[in-house]
Amino acid sequence: MSEVPVEEYLCTRLRRAEQALMAHHEAVLRTYGLTMTQYTVLLTLSRADGRSGAQLARACGVSQQSMATVLNGMQAKELISRTASAAHAKVMIATLTDTGRDLLDRAYQEVIVLERALTDRFSADEHRRFCEFLDRATATLIEQNPTAPAR
């Protein structure tokens, strides 16, 4: 097998794309006083309100401990409210406040500009195929992720 230059590795390209995406979103969100995790919480709650900290942590790809800190800060800013779950008294359920929804709506209007710019770079068929390729790459990355500690 011939050696492929590192700049041509798919993983390197995926990482560069992720870094560019995150840099854009973080710069936009900073103007609204939001982190990417906070934005993802707001977006998740806007699509399915009433989520536990554990559910939000999974949606954002962070630990439950980190999410607890994020939610405390968001509650202090009145972006979310939290109430005890009817099913489990120790579980707090987060919901979006009007303030949080308004902030999300304003931030989303700027974040979506990048999505539209990316979509416009591809024909409809290229976009469909690109999404299929990304989904296949994601599935492979998940499959290759070691789930058990090395022995």
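Presented here is a report on the structure given in the accompanying data block. (Residues numbered from 1 in each chain as written. Predicted model: local features only at pLDDT ≥ 70, side-chain atom pairs only at ≥ 80, totals over all residues. Heavy atoms only, no water.)

## As for the pairing of strand β3 (residues 92–96)
In step 1: Where strand β1 (residues 51–52) meets β3, two bridges bridge the pair, whose relative direction is antiparallel. When the bridges of β3 are listed, R51 appears paired with A94.
In step 2: Pairing analysis gives five bridges linking strand β2 (residues 80–84) to β3, with the strands arranged antiparallel. The residue of β3 that forms the bridge with S81 is T95. (Pairing = 2+ DSSP bridges. Helix = DSSP H or I, 4+ residues; strand = E, 2+ residues; numbered from the N terminus.)

## Observations concerning the environment of V28
In step 1: Its place among the elements puts V28 in helix α1 (residues 10–30).
In step 2: In contact with V28, not counting residues within four places along its chain, are A107, E110 and V111. (Contact = heavy atoms within 4.5 Å.)

## Structural notes on the layout of surface pockets
In step 1: The space that makes up the largest pocket amounts to roughly 1100 Å³.
In step 2: A17, E18, L21, L118 and L134 are, among the 25 residues lining the largest pocket, the residues nearest its centre.
In step 3: Going through the elements one at a time, α1, α2 (36–47), α5 (98–120) and α6 (124–144) are the ones with two or more residues in the lining of the largest pocket.
In step 4: Of the residues forming the lining of the largest pocket, the biggest block, nine residues, is contributed by α1.
In step 5: Among the residues making up the lining of the largest pocket, the classes are represented as 19 nonpolar, three polar and three charged.
In step 6: Here the second largest pocket defines a volume of roughly 250 Å³.
In step 7: Around the second largest pocket, the lining residues are L14, C131, L134, D135, A137, T138, L141 and I142. (1 Å grid on protein atoms, 1.4 Å probe; cavity = no way out; pocket = protein on both sides within 12 Å on 5 of 7 lines; lining within 4 Å. Points joined across faces, edges and corners; volume = space filled by probe spheres on them. Nonpolar A, V, L, I, M, F, W, Y, C, P; charged D, E, K, R; others polar.)

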